[in-house]
Amino acid sequence: MPRVGMIMKLKRLAAMFLILISMGVSGCASKDQKNETKDDLIYQESISSNEKYVENQEDIVRYNIEIYQENDATISIHAKSNSAFFEPLSYEYYVSAPVDQDDITIEWTTLLGDTQETKDNQLCVAKIKIEGNNEEIKINFLDRGIELIEDALEHASYENWLIERMSTIGHSSNLCFDHSL
C-alpha cells in the first residue's frame, strides 16, 4: 500500500510539472491589456518568457510592470499580463525621496529562482528593487495558475483517498465524481 501512495505522489508531481510547462509554452493568452498613459510614469518594463518557444503570435504571454510616482513619498507599482492565470494588481510603496528611472531595477527569475530561463523553466517572477529602500517587492505572474493546480490536485487527492477507503471496506471503487469544478 505505501508503494501505491508513492506512485500516486509521483504522478501528481509529474502532472503539476507538465501543466506548468504547458501553461508557459502555450501561453494561455486570453485577454489583452492596454497600457495606461499617465504623466507620472517613471518606469516601464515588459518581457515575454515564452516568445521564443511558441509558434503562434497569439500564444505569446507578456508580463508588464509599470511604476508611477504618486507623490514625493509614494510610488505605485502596477503589474499586468495577457495571461488568463494572472489578474492585474497594484501596490502602493512608500519611499524616502522622489524616485526616477535610474533608482529602479527589476530582476526576472523563474519559479525556481534561476535568472537563466529554459523552455521548461521560464521567467515569471519580477523582483523589484528601489534604490535607497531595503525591501524587495516580488510579483509572481503564475500565482493564480499555481492555485488552480493546487485546487485540482486537492480534489483529485480526495477522490483517490475515498476510492482507497471504499475498496478497503468492500465497496465498489466504481464511483462517479463531478469533475466540473
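Here's a quick rundown of the structure.

The rules behind each value
- Residues numbered from 1 in each chain as written.
- Predicted model: local features only at pLDDT ≥ 70, side-chain atom pairs only at ≥ 80, totals over all residues.
- Heavy atoms only, no water.
- Core = buried A, V, L, I, M, F, W, Y, C linked by side-chain atoms within 4.5 Å.
- Buried < 20%, exposed > 50% of the residue type's maximum accessible area, 1.4 Å probe, protein only.
- Helix = DSSP H or I, 4+ residues; strand = E, 2+ residues; numbered from the N terminus.
- Contact = heavy atoms within 4.5 Å.
- Pairing = 2+ DSSP bridges.
- Axes fitted to C-alpha atoms, helices over the stretch in contact; angles between N-to-C directions.
- Polar contact = N/O pair within 3.5 Å; in protein donor to acceptor, adjacent residues only side chain to side chain.
- Salt bridge = Lys/Arg side-chain N within 4 Å of Asp/Glu carboxyl O.

### Observations regarding the nonpolar core
The nonpolar side chains of soluble globular proteins are, as a tendency, buried together.
Logical step 1: Within the largest apolar cluster, 27 residues are counted, with the highest numbers of intra-cluster contacts made by I65, I128 and I139.
Logical step 2: Every element with two or more residues in this core is listed here: β1 (41–47), β2 (63–71), β3 (74–81), β5 (104–110), β6 (123–130) and β7 (136–140).
Logical step 3: In terms of residues, this core owes the most to one element, β6, which gives 6 residues.
Logical step 4: Sequence-distant contacts of I128, that is, excluding residues within four places in its chain, are made with I65, I67, I77, I104, T105, I106, E135, E136, I137 and I139.

### Digging into the sheet that holds strand β4 (residues 89–94)
Logical step 1: The 4 strands lie next to each other as β1-β2-β3-β4, forming an open sheet whose pairing is antiparallel. The outermost strands of the open sheet, each flanked by one partner alone, are β1 and β4. On average, each strand axis in the sheet is tilted by 15° relative to the strand beside it, whichever way the strands run.
Logical step 2: The pairing of β1 with β2 spans 6 bridges and is classified as antiparallel. What sits directly across from S46, in β2, is N64.

### Overview of the side chain of N50
Logical step 1: With respect to the helices, strands and loops of the structure, N50 is situated in the loop between β1 and β2.
Logical step 2: From its side chain, N50 meets the backbone nitrogen of V61 in a polar contact 3.0 Å long.

### Side note on the pattern of salt bridges
Logical step 1: Within the structure shown, the criterion is met by 3 salt bridges.
Logical step 2: Residue R62 pairs with E51 through a salt bridge whose shortest N-O separation is 3.8 Å. Of this pair, R62 sits in the loop between β1 and β2 while E51 sits in the loop between β1 and β2; the two residues are 11 residues apart in sequence, bridging distant segments of the chain.
Logical step 3: Judged by relative accessible area, which is 32%, R62 ranks as partly exposed.
Logical step 4: Residue classification places E51 among the partly exposed positions, given a relative accessible area of 39%.
Logical step 5: For K80, the salt bridge is made with E66, and the minimal N-O distance between the two is 3.5 Å. Pair noted here: K80 is in strand β3 and E66 is in strand β2, with a separation of 14 residues, a long-range link. Here K80 matches E66 in class, with each residue buried.

### Brief notes about the sheet that holds β6
Logical step 1: Taking strand neighbours across the sheet as the criterion, the 3 strands line up as β5-β6-β7 in an open arrangement whose pairing is antiparallel. Only two strands of the sheet have a single neighbouring strand rather than two, namely β5 and β7. On average, each strand axis in the sheet is tilted by 20° relative to the strand beside it, whichever way the strands run.
Logical step 2: Pairing of β6 with β7 involves 5 bridges; the strand directions are antiparallel. Opposite V125, over in β7, you have N140 as the bridge partner.

### Some details on the pairing of β6
Logical step 1: Burial of β6 is extensive: 7 of the 8 residues sit out of reach of the surface.
Logical step 2: Pairing analysis gives 7 bridges linking β5 to β6, with the strands arranged antiparallel. Note that in β6 the partner of T110 across the bridge is L123.
Logical step 3: Between β6 and the antiparallel strand that follows it, β7, lie 5 residues; G132 among them carries a positive phi value of about 90°.

Interpretation in functional terms is not warranted from these geometric data alone.
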